[in-house]
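# Secondary and tertiary structure notes
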Amino acid sequence: MFYRFANIPYEEVAGFRAPDLMFTENMFKVLYTSNFTYDLSWPVNPNFDGLDTMYPYTLDYLSTEPCPTQEEPCPKLSYPGVWEIPNVNIMNKDGTTCASMLDGCDPLGNATAWYDRLVDNFHQYHYDTNRAPFGMHMHVTFFLSAKGSDHMIAAKKFLKYAEDLGDVWILTPSQVIAWMKDPQNIEQAKSFVPWQCPERPKPRCDSSTVNGCHYTVKGEQVYMFTCTKCPPHYPTPTNPDGN
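Computed from a predicted model, the values in this text were never measured in an experiment.

Looking now at the overall build of the chain. When helices and strands are tallied, the chain shows seven helices and 10 strands. Across its three principal directions, the C-alpha atoms of the chain cover 55 × 45 × 40 Å. Across the 243 residues in the chain, those meeting the buried criterion constitute 37%. Put simply, of all contacts in the chain between residues at least 6 apart along the chain, 53% involve residues at least 24 apart.

Here the focus is the sheet that holds strand 2 (residues 38-39). Read from one edge of the open sheet, four strands run 1-2-5-4, paired in mixed fashion. With one partner strand each, in any of the chains shown, strand 1 (15-16) and strand 4 (57-59) form the two edges of the open sheet. Against the sheet, helix 2 (residues 25-33) makes contact with strand 1, strand 2, strand 4 and strand 5 (79-84), and its axis sits at roughly 110° relative to strand 5, the strand it touches most.

Moving on to the state of the cysteines. Overall, the coordinates contain four disulfides when judged by the stated rule. The disulfide partner of Cys 67 is Cys 74, and the S-S distance across this bridge is 2.1 Å. With the S-S dihedral at roughly 105°, the linkage between Cys 67 and Cys 74 falls on the right-handed side. Numbered by order of appearance in the sequence, the disulfide-linked cysteines of the chain pair as 1-2, 3-4, 5-7, 6-8.

Definitions and cut-offs
- Residues numbered from 1 in each chain as written.
- Predicted model: local features only at pLDDT ≥ 70, side-chain atom pairs only at ≥ 80, totals over all residues.
- Heavy atoms only, no water.
- Helix = DSSP H or I, 4+ residues; strand = E, 2+ residues; numbered from the N terminus.
- Buried < 20%, exposed > 50% of the residue type's maximum accessible area, 1.4 Å probe, protein only.
- Contact = heavy atoms within 4.5 Å.
- Pairing = 2+ DSSP bridges.
- Axes fitted to C-alpha atoms, helices over the stretch in contact; angles between N-to-C directions.
- Disulfide = S-S within 2.5 Å.

Set out below in structure tokens:
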């Protein structure tokens, strides 16, 4: 579907996050056989067993990352070359777990409260300790809720704060893995090829030429926008091209 309707090349789809962060052994088998580079579905608190925040690691060997629940079986088999990027939980000031995703925390917090939460987690569990990657994970509803404008203000302010530190980079998971494979110091990182901003491709269409596709799915009205021709049916995992 990414390739057909969003023009994203197959080889550019490198990572996966399980819906609701609910994963199984079979999911990892599929990621391995499909040559995915990484998974980002496994939540974990910054500190466990007295250890610092986890860095990304490969699933060549059995993971030491705690399994969230008995109902969510963690991988027991070996998947050489598949990276797991720990989905480090956001913590409250009292040390309790807030949530794995930003929108799972207090939805009514204003811009100041959210900015403080981001800065506190960034410093306490990442920047001031072993500098494991700090992930900002959220659903789009984080910015569409009643406090969405406050959340956006806090996120932008925090990113500007982090960038101004001079030794922090805003990266994709693939770029993080590139560094794990080839660590660079601060000076080297400034010219590290995988961290350079790629040239943006020209858009295939714009707001005046995009196709708006409308479907009725199980009694619900569903809309999809694409630069390609609207398929006759709404695309699904079992009917990815909509034919």
